Amino acid sequence: MTVEGHNSKITFYVVSCWILAAFGGLMFGYDIGISGGVSAMDDFLVLFFPKVHERKKTAKENNYCKYDDQFLQLFTSSLYLAALVASFFASKAATKLGRRITMMMASLIFIAGAILSAVANNKVVLILGRILFGVGVGFGNETVPLFLTEVAPIQHRGAVNILFQLFVTIGIFIANIINFATSKIHPNGWRVSLGLAVVPAGILFLGTFVISDTPMSLVARGKPEKGKAALKKIRGVSDVDVEYEEVVAACEQSKQVKHAFRNLSKPPSIPPLVIAIMLQIFQQFTGINAIMFYAPVLFQTMGFKGSGSLISAVVTGLVNVISTIVAIFVVDKVGRKKLLIQSSCQMLICQVAIGFILLKNLGTTGGLDKTLAIVVVLLVCTYVMAFAWSWGPLGWLIPSETFPLETKTAGFAFAVSTNMLFTAVIAQAFLTMLCSMQAYTFFFFSAWILVMGLCAIFFLPETKGIPTDAMVERAWKKHPVWKKLF
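Enquirer: Mind laying out the overall build of the protein chain, listing which residues take part and the relevant values?
Expert: Looking only at helices and strands, the protein chain features 22 helices and two strands. Computed over its C-alpha atoms, the radius of gyration of the protein chain comes to 22 Å, within 12% of the 23 Å expected for a compact globule of 486 residues. In terms of overall dimensions, the protein chain has C-alpha extents of about 70 × 45 × 40 Å along its principal axes. Expressed as a percentage of the 486 residues in the protein chain, the buried residues total 61%. In the protein chain, the share of contacts with a sequence separation of at least 24, taken over all contacts with a separation of at least 6, comes to 81%. When the accessible area of the protein chain is evaluated, it comes to approximately 17700 Å², of which 70% is carbon and sulfur surface. If you average the places of the 41 positive and of the 25 negative side-chain charges in the protein chain, the two averages end up 3 Å apart.

Enquirer: Summarise the packing of aromatic side chains; cite the residues concerned and give the values.
Expert: Any two aromatic rings considered together are summarised by their centre-to-centre distance and by the angle between their planes. Going through the model one piece at a time under the given rule, you end up with 21 aromatic pairs. Where Tyr440 meets Phe443, the ring centres are 5.8 Å apart and the plane angle is 55°; that geometry is what we call tilted. Note that Tyr440 and Phe443 are positioned in helix 21 (residues 440–459) at a spacing of three residues, about one turn of the helix. Against the face of Phe180 rests Lys184, its NZ or CZ located 4.7 Å from the ring centre. For Lys233, the ring lying beneath its charged end belongs to Tyr13, and the centroid distance is 4.5 Å.

Enquirer: I'd like a description of unusual backbone geometry, backed by residues and values.
Expert: Cis geometry marks the peptide bond from His186 to Pro187; its omega dihedral reads 0°. Even without being glycine, Gln438 reaches a positive phi, approximately 50°.

Enquirer: Let's hear about the nonpolar core: which residues, and what values?
Expert: Judged by nonpolar contacts, the single largest core of 134 residues is most densely connected at Phe28, Phe44, Leu148, Trp391 and Met420. Of all the elements, helix 1 (residues 12–39) adds the most residues to this core, at 15 residues. If we ignore the near neighbours within four places in the chain, the residues touching Phe28 are Tyr80, Val137, Asn141, Phe164, Val168, Trp396 and Met420. If you look at the next biggest cluster of nonpolar residues, it comprises five residues, including Ala90, Ala93, Ala106 and Phe139.

Enquirer: I'd like a description of the environment of Ile203, backed by residues and values.
Expert: Inspection of the secondary structure assignment puts Ile203 in helix 9 (residues 198–207). Sequence-distant contacts of Ile203, defined by excluding residues within four places in its chain, comprise Leu20 and Phe23.

Enquirer: Describe in detail the side chain of Thr143, supporting the description with residues and values.
Expert: Positionally, Thr143 belongs in helix 6 (residues 123–151). If sequence neighbours within four positions are ignored, Thr143 has contacts with Arg99, Thr102 and Met103.

Enquirer: Lay out the side chain of Ser390 with the relevant residues and their values.
Expert: When you line up the elements, Ser390 lands in the loop between helix 18 (370–388) and helix 19 (391–402). Among all residues touching Ser390, those that are not within four sequence positions of it are Leu339, Leu340, Ser343 and Gly395.

Enquirer: Hey, could you go over the packing of helix 17 (residues 336–361) against helix 21 for me, with residue numbers and the actual values?
Expert: Relative orientation and spacing of two packed helices are given, respectively, by the angle between their axes and the distance between those axes. Two elements in contact, helix 17 and helix 21, have axes separated by 8 Å at closest approach and are oriented at 165°. Between helix 17 and helix 21, the interaxial angle falls into the category roughly antiparallel. Of the two elements, helix 17 crosses helix 21, and the hand of that crossing is left-handed.

Enquirer: Which residues make up the pattern of salt bridges, and what values do they have?
Expert: One pass over the structure, following the stated rule, counts 10 salt bridges. The closest approach of N and O atoms between Glu243 and Arg235, which form a salt bridge, is 2.8 Å. Of the residues examined, Glu243 reaches a relative accessible area of 10% and is grouped as buried. With relative accessibility at 2%, the residue Arg235 sits in the buried group. Each member of the salt-bridge network shares a partner with another, and the members are Arg157, Asp332, Arg336 and Glu401.

Enquirer: Which residues make up a nonpolar patch on the surface, and what are the values?
Expert: Together, Leu450, Leu454, Ile457, Phe458, Phe459 and Val481 make up a nonpolar patch on the protein surface, roughly 500 Å² of accessible area in all. Along the chain, Ile457 falls in helix 21.

Enquirer: Talk me through the environment of Phe71; I want residue IDs and the actual numbers.
Expert: Note that Phe71 resides in helix 4 (residues 70–96). Sequence separation between Phe71 and Phe261 is 190 residues, and the spatial gap between their C-alpha atoms is 34 Å.

Enquirer: Describe the state of the cysteines, naming the residues involved and giving the relevant values.
Expert: Tallying each qualifying case throughout the model produces zero disulfides. Residue Cys350 stays outside any disulfide, its sulfur separated by 9.7 Å from that of Cys381, the closest cysteine. For Cys350, a relative accessible area of 3% gives the class buried.

Enquirer: Would you mind going over the packing of helix 11 (residues 224–235) against helix 12 (residues 241–255) in detail, with residue names and values included?
Expert: Running from N to C, helix 11 and helix 12 point in directions that differ by 135°, and their axes come no closer than 11 Å. Classified by the interaxial angle, the pair formed by helix 11 and helix 12 is oblique. Two packed elements cross with a definite hand, and for helix 11 against helix 12 that hand is right-handed. Residues Pro224, Glu225, Gly227, Lys228, Leu231 and Arg235 of helix 11 pack against Asp241, Glu243 and Tyr244 of helix 12. Here the contact of helix 11 with helix 12 is built from residues that sort into three nonpolar, one polar and five charged.

What counts as what
- Residues numbered from 1 in each chain as written.
- Predicted model: local features only at pLDDT ≥ 70, side-chain atom pairs only at ≥ 80, totals over all residues.
- Heavy atoms only, no water.
- Helix = DSSP H or I, 4+ residues; strand = E, 2+ residues; numbered from the N terminus.
- Rg over C-alpha atoms; globule rule 2.2 N^0.38 Å.
- Buried < 20%, exposed > 50% of the residue type's maximum accessible area, 1.4 Å probe, protein only.
- Contact = heavy atoms within 4.5 Å.
- Areas by Shrake-Rupley, 256 points an atom, 1.4 Å probe, with all protein chains shown as cover.
- Lys, Arg positive; Asp, Glu negative; His and termini not counted.
- Charge placed at Lys NZ, Arg CZ, Asp CG, Glu CD.
- Phe/Tyr/Trp six-rings, centres within 6.5 Å; stacked < 30°, edge-to-face > 60°.
- Lys NZ or Arg CZ within 6 Å of the ring centre and 35° of its normal.
- Core = buried A, V, L, I, M, F, W, Y, C linked by side-chain atoms within 4.5 Å.
- Axes fitted to C-alpha atoms, helices over the stretch in contact; angles between N-to-C directions.
- Parallel < 35°, antiparallel > 145°, perpendicular 65-115°, else oblique.
- Left-handed = near helix turned anticlockwise from the far one by under 90°.
- Salt bridge = Lys/Arg side-chain N within 4 Å of Asp/Glu carboxyl O.
- Patch = residues over 30% accessible without salt bridge, like charges linked within 9 Å, V, L, I, M, F, W, Y side chains within 5 Å.
- Disulfide = S-S within 2.5 Å.
- Nonpolar A, V, L, I, M, F, W, Y, C, P; charged D, E, K, R; others polar.

The structure is reproduced here in structure tokens:
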């Protein structure tokens, strides 16, 4: 298939590169999914958070407040604070050492975090393990989406990049199943859950010996012959001269820029930087990670028993995976902007409905009746469905394809760090919000969804089918808002 002189065919090797690199997303997703399930396990709470465990067992417990504990939330959020800082170091590593070596570093650090977390016997060691997890996530999330975008043929760029988010959702789903199984293993089921994080990280580590670095990274680091050879290998054809010359030209232009972070303030980088930061903030303030981090906890709050809450989390995880697969098939046909707008409407309806049901029917004690509980699960699934084919994958895709090469890794570092910052904010605050705001928590997220839908309408250009090196001319300079900067 040829697009604007770009020749390529899909080979076993390039598909292997995509899948192996995407295991960086599975690492991230596994941790998102495992945290909430472990946080709800009695054995884990008795060892690390005995006060929360006692509150949970109180006969007349407050539905909304039984898990409210800052240290319990720190168990989840510490990872993302570490990832925030690590993403800037990862940006430098990706530029100086290449995408492949940076992914290797991510996997090794993540493995160390898994081992430390699994053997922890006190809060200090537990949090140190979480911090190592966070550094691994920061390096992985900085590098994998860039790698996928740079090795993907232009006509499949959206679908290939979404593999990262697909593997995030698969990681969440697998984690929910593992939590369901290990919750029956006493007293060390939680150790198994945390320790199994070595598996996706180990696969990524082994994969880095199979994949090649991206042509763009190789040429930018002064290895033009290796860059051209890598381009031929990932395109599966020998006639890559047109694309190779574009890569060389982009790299030559980027060499004129000595201070990538400083140049983010120049017009070509301002629109993608603003959009990248907005997308990350909005992605978290949809409330999705509140659902994914604490799905078992949340469903217990809604009246489900322990095993029922974990099963409900597994169901939402499966919906997440299937809906992300839908995104792979539609993103390069429908386009980015339409998906974001459509899903905002769907998520808004679901969040408002959940809020009203809980406001009217779930007090501080007792639970929902069975029918309403099922309705809430269905609404959560419908909400997750909308997120999974839009704000989830596109939050990573759009920043990875819109920055000019000279500020790409620096700009993407801001995107990753913003994502990690607001992920940490939600992780640290959600259980407290649920306690203090109760059902109004869902109206809070609804308001944000309304705002982000309007921003998608007025500020986001359509980037479908536009080469990354042509974004300024064909997207930003033609947008009614952003063209004023040029």
